[in-house]
Structures are given as structure tokens and as C-alpha cells.
Amino acid sequence: MKKILVTGAHGQLGSCLRREFDREPQLEVVYTDSDTLDITDREAVERFLGDHRFDIVINCAAYTAVDKAETDEILCSAINTVAVGNLGEAAVRTGAKVIHISTDYVFSGQGFRPYEENDEPYPQGIYGRTKLEGEGLLTSFCQNAVIIRTAWLYSEFGKNFVKTMLALAETKPEISVVADQIGSPTYAGDLAKAIMHIIKGKEWHPGIYHYTNEGVASWYDFAKAIFEISGRNVPVNPIPTSVYPTPATRPLYSVLSKAKIKKTFDVEIPYWRDSLRKCLSALV
Ligand SMILES: NC(=O)c1ccc[n+]([C@@H]2O[C@H](COP(=O)([O-])OP(=O)(O)OC[C@H]3O[C@@H](n4cnc5c(N)ncnc54)[C@H](OP(=O)(O)O)[C@@H]3O)[C@@H](O)[C@H]2O)c1
């Protein structure tokens, strides 16, 4: 029986993974979060992995407050970089493989075609830089890691754009949404299924991979789709990024190429609107 650790288990992806693993009684899964295993605590991580002897560690824990990170670099770096190294080091010592989640924010967002895994990273803010450094530190300890960069995650759990839009629809007569940032809305439930597929696969192929849902959209398109599918009649105004300044620079172009993960692991990836429909049917 495979023994698996999921860190950051109360987060969006962690919660979706738990839902997937609940259907797989042949896997023994231990869930931790900041209250039960603070991954910035190197000794605690080493002890925990030493005691449990996991086959696979899935790191869903992260500092994800992109704007707050701009004034909270020390904590952001501790969680997104140093702690990822802690997990990698302890995993190698105890013979565990690692699946780690990273982000489109490692890129500049100035691209004009889907980013491939070996494109030059050029993060624009603290969050992206600490995530990139986490990738580097992890691979320096652990050559056996699978790193999955994703983007624009949403789910039934935690805080995300879909839930924010649904909440705004209750109080605002109209909503303005940025229309010049392009990416791929990604249902964390689909990413959890892809991770499950990789775990159940016969072969392990370490490396960096990109995973998002299929298709592209602006945040404006995404908001329109949320209201259309959920049957809310809220006018949405398209605005440029310049009208909605944020402390952290957002990538204008965040589309990731999924060719490598599809070819290597034979992963099937749903179209973003189909997955949005699925998530909304559970939410509203
Ligand atoms: N959300 C997105 O749009 C997005 C986009 C691209 C990539 N990603 C990446 O995808 C992954 C999953 O994201 P998500 O949206 O599921 O994140 P999330 O909902 O913010 O969950 C992150 C989890 O990490 C936990 N955590 C924070 N610090 C910790 C620590 N020191 N020790 C242990 N656990 C800690 C948090 O616990 P507390 O709540 O107790 O702090 C939380 O449960 C992350 O690696 C993220 O960088 C996310």
C-alpha cells in the first residue's frame, strides 16, 4: 500500500486531493496543514517524514497571497522556498518521491505563445520569485521531484475568483473586471485528478510540467462565464489593468503549454468552461 503525505491539506488543491483520495481506500494518506506540520520547521519536517516513511509527498502548502507578499518577503520566502527545500531534503533522506506545485508567476507574462517548461523564467514579484527559488532548491536536493506549474486555480474550497465574483453579484449592481490579462482558468479538482493519475501510473518521470485547463480567457471572459453559467444577470465592464492597480504586477499573458504533461503522463485535460460548469453546479 502506497503511503502519501499531503501538506497544505486545508487549501484549495489539498481539499480537492482529499476528495480524490477518499475514493481510493488502497492508498494510505496523511493530511497536514500549518497547524499540524509547519513546513518551515526543518526539524519537524525531518522528524515527521522520518517517523512516517512516505512513498510520496505532495506539497500543496504555499504562501499564496500574491499582493501581501510584496511587503512580507521573509515569511513568503520561508514558505515558498526554504520550506520546499526542507521537504525535498527530508524526502530524499527517507526515500520519498515529491510532487510539488508551482506557478505561472515564474514567467514575466510578456510572452506571446504558451509558455513551455524550459522557457526562461523571469518572475515579476516576490511570490513568483520565491516560488521559482523553491523549484530550484527542491531540485537541488531531490532529482526525483515532479514539479507542476499551474495557474488561475479555483474550486469549491477556500478563496478564489469564482467565489469572489458570486459574492460580488449579491451586492453590486455591476462589476468591472480586467480584460487584458490572459490565462487559463483551472479547476483544482481537475489538477487533483491529474496528480492522482500520475501517482497511479506505472512510471515516474521527474521534471517540471505545466498543467491548466484547456482554452484561454481574460479575467473578464471568466467573470462573464461565471455569471452566464450560474444564471446571474450582472453587467460586467471590461477594464484595462491600468485602471485596477495592485501591489504585485500581474502577468499579462499566463498561458502555459500542456504538451509535455499530456505526452509524458497521458493526462486528459478538460476545457475550462466545462470544468467551471462542474464547479458551479456544486457551489450554487
Ligand atoms: N491559487 C492559485 O490561483 C494558484 C495559481 C498558481 C499556482 N498555485 C499554486 O498551487 C498550490 C496550491 O494552491 P492553493 O490555491 O490550493 O493554495 P491555498 O488554498 O492558499 O492553500 C495553501 C495552504 O498552505 C498552507 N500553509 C501555508 N503556510 C504553511 C506552512 N508554513 N506549513 C504548512 N502549511 C502551510 C495554508 O494553511 P493556512 O491557511 O493555515 O495558512 C493553506 O492551507 C500552491 O503551491 C500555489 O502556489 C496557486
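Residues numbered from 1 in each chain as written. Predicted model: local features only at pLDDT ≥ 70, side-chain atom pairs only at ≥ 80, totals over all residues.

Peer 1: Would you mind going over the sheet that holds strand β3 (residues 56-59) in detail, with residue names and values included?
Peer 2: The sheet built from six strands is open, its strands ordered β2-β1-β3-β4-β5-β10 with parallel pairing. This sheet does not close on itself; its edge strands, each paired only once, are β2 (28-31) and β10 (207-210). In this sheet, neighbouring strand axes are inclined to one another by 20° on average, regardless of whether the strands run parallel or antiparallel. This element, helix α1 (residues 12-21), spans β1 (3-7), β2, β3 and β4 (97-103) of the sheet and lies at about 155° to β1. (Pairing = 2+ DSSP bridges. Helix = DSSP H or I, 4+ residues; strand = E, 2+ residues; numbered from the N terminus. Axes fitted to C-alpha atoms, helices over the stretch in contact; angles between N-to-C directions. Contact = placed C-beta atoms within 7 Å.)

Peer 1: Can you lay out helix α9 (residues 272-283) for me, pointing to particular residues and giving the numbers?
Peer 2: Spanning 12 residues, α9 covers 16 Å between terminal C-alpha atoms, matching the ideal 16 Å at 1.5 Å per step. Against the buried residues of α9 lie β6 (153-154), α5 (161-171), β9 (186-187), α6 (188-200), β11 (217-218) and α7 (219-230). (Expected span 1.5 Å × (residues − 1).)

Peer 1: So what's going on with the packing of α7 against α9? Which residues, and what values?
Peer 2: Where α7 meets α9, the closest approach of the two axes is 10 Å, and the angle between their N-to-C directions is 50°. The angle between α7 and α9 places the two elements in the oblique class. Considering the relative orientation of α7 and α9, their crossing is right-handed. Touching A225, I226, I229 and S230 of α7 are R273, L276, R277 and L280, all from α9. (Parallel < 35°, antiparallel > 145°, perpendicular 65-115°, else oblique. Left-handed = near helix turned anticlockwise from the far one by under 90°.)

Peer 1: Can you explain the pairing of β1? Please cite residues and give values.
Peer 2: Of all the five residues making up β1, four are buried; the element is thus mostly covered by neighbouring parts of the structure. Bridge count for β1 against β2 is four bridges, and the pairing is parallel. Looking at the pairing, I4 lines up with V29 of β2. Read as a crossover between parallel neighbours, the route from β1 over α1 to β2 is right-handed. In this structure, β1 lies alongside β3, joined through four bridges in parallel fashion. Bridge pairing in β3 links L5 to V57. (Buried ≥ 20, exposed ≤ 12 C-beta atoms within 10 Å, placed from the backbone. Right-handed = clockwise from strand over helix to strand, strands pointing away.)

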